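# Survey of secondary and tertiary structure
Each chain, letter by letter, is given below.
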Amino acid sequence: MSYQEKRTITTIVTGLLVLAAYCLYAFNPVRLSALTPGDLKPWSVTMLIFIGIGVGASIIIQIVFHILMSISIAIKEKMRNMECEDKEIEKTIGVEMIEDERDKLIELKASKVGFGIAGGGFLLALVAIVLKYSPVVMLNILFLTMSLGSIIEGFVQLVFYRRGVWHA
Amino acid sequence: MPKKIEVTNNIRKLRFFANEMTQQELAEKAGASRQTIIAIEAGKYSPSLELAFRIADVFGVQINEVFDHKILE
């Protein structure tokens, strides 16, 4: 499995963990019973906090992952050739972790799917308002579909890495 | 509607005749990742024209000696 695939998996796992944490916290019956129906402020605050947590966690996990991968590549290189120099190890790390045109194409194609899901979520949120659901439902549909869109985008990237990707 | 084409390549053969050049060496020289070279060889990715020329330059051959195409029915 390539570095990019492993990185995508860590992104998916981070997204899933943050989404699960949000669902556990936001839809907790004790919390829900304490909220005033139709009051958007506590929901907005919760979502902003979880967006912050998501961004922060994603940055930290990516940094840790990058460090661990570099160490693992260095160890593998040393085990393969005990006399290899640091420069060679750095070069191997560079070749393994380089992001080239194929990675960019995969990202682009997968992001189309992610944006599609987020766009679908926006339409669904509008439909919810038309059907006279509370604005809280609309807000949650927007947040959940955006989060799901980003997770599914990761899965689509993995599929492209496995099955191949072509222009057009 | 234009017919679909499949891009084929001779990279494996060219690597063999270039002293069994490794995929990693080719990746370094062509400025791509090893995974991309693996995908191109396996027909799972068609490179951009720029990368295709860089790969041909690594072997010192014309681009049509590296890549060819088949028209799919």
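What follows covers the overall build of chain A. From N to C terminus, chain A includes six helices and zero strands. Overall, chain A shows an N-to-C arrangement of helices and strands of α-α-α-α-α-α. Its C-alpha atoms give chain A a radius of gyration of 21 Å, clearly above 15 Å, the size a compact globule of 168 residues would have. Seen along its three principal axes, the alpha-carbon backbone of chain A occupies a region of about 70 × 40 × 20 Å. For chain A, contacts bridging at least 24 residues in sequence account for 76% of all contacts bridging at least 6.

Moving on, we get to the interface of chain A and chain B. Of the residues lining the interface, 12 residues belong to chain A; the matching set on chain B comes to 14 residues. Of all elements in the fold, only helix H4 (86-97) and helix H5 (101-130) of chain A reach the threshold of two or more residues within the side of chain A that touches chain B. Looking at the side of chain A that touches chain B residue by residue, the class counts come to four nonpolar, four polar and four charged.

Moving on, we come to the confidence of the model for chain A. Summing up the model confidence of chain A, the mean pLDDT is 89 and the portion of residues at 70 or higher is 99%. Taking the mean pLDDT of every element in chain A, the minimum, 78, falls on H4(A) and the maximum, 94, on H5(A).

Most of helix H3 (residues 34-41) of chain B sits out of view: six of its eight residues are buried. Taken as a whole, H3(B) has its buried residues at B:Arg34, B:Gln35, B:Thr36, B:Ile37, B:Ala39 and B:Ile40. Buried residues along H3(B) sit against helix H1 (3-26), H4 and H5 of chain A together with strand S1 (5-9), helix H1 (11-17) and helix H2 (23-30) of chain B. B:Gly43 sits one or two positions beyond H3(B) and adopts a positive phi of about 75°.

Turning our attention to the environment of B:Ile5. Residues and elements named next belong to chain B. If you trace the backbone, isoleucine 5 turns up in strand S1. Put simply, isoleucine 5 and glutamate 73 are 68 residues apart on the chain and 8.8 Å apart in space, counted from C-alpha to C-alpha. In this view, isoleucine 5 contacts His69, Lys70, Ile71 and Leu72; residues no more than four positions away in its chain are not counted.

So, on to the environment of A:Leu148. Mapping A:Leu148 onto the fold places it in helix H6 (residues 135-163). Here the alpha-carbon distance between A:Leu148 and A:Ile12, two residues 136 residues apart in the chain, equals 9.8 Å.

We now examine the nonpolar core. Soluble globular proteins tend to bury their nonpolar side chains together. Among the nonpolar cores identified, the biggest contains 15 residues, and B:Ala27, B:Ala30 and B:Ile55 are the most heavily contacted of them. Put simply, the parts of the chain that give this core at least two residues each are H2, H3 and helix H4 (49-59) of chain B. With five residues, the next largest nonpolar core counts A:Val18, A:Tyr22, A:Met47 and A:Phe50 among its residues.

With that settled, the discussion passes to unusual backbone geometry. Peptide bonds are mostly trans, and most non-glycine residues show a negative phi. With phi around 65°, A:Lys132 is a residue other than glycine that occupies positive phi space. As for its placement among the helices and strands, A:Lys132 is situated in the loop between H5 and H6. Take A:Lys132: there are 7 C-beta atoms within 10 Å of it, and that puts it in the exposed class. Despite not being glycine, B:Asn19 shows a phi value in the positive range, around 55°.

Before going further, it helps to examine the pairing of strand S2 (residues 67-71) of chain B. Residue and element names in this part refer to chain B. Among the five residues in S2, zero count as buried, and that is only a small part of the element. When S1 meets S2, the two strands line up antiparallel, connected through five bridges. Pairing of glutamate 6 across the sheet is with lysine 70, part of S2.

About the cut-offs
- Residues numbered from 1 in each chain as written.
- Chains lettered and ligands numbered in written order.
- Predicted model: local features only at pLDDT ≥ 70, side-chain atom pairs only at ≥ 80, totals over all residues.
- Helix = DSSP H or I, 4+ residues; strand = E, 2+ residues; numbered from the N terminus.
- Rg over C-alpha atoms; globule rule 2.2 N^0.38 Å.
- Contact = placed C-beta atoms within 7 Å.
- Nonpolar A, V, L, I, M, F, W, Y, C, P; charged D, E, K, R; others polar.
- pLDDT = per-residue confidence, 0-100.
- Buried ≥ 20, exposed ≤ 12 C-beta atoms within 10 Å, placed from the backbone.
- Core = buried A, V, L, I, M, F, W, Y, C linked by C-beta atoms within 7 Å.
- Pairing = 2+ DSSP bridges.

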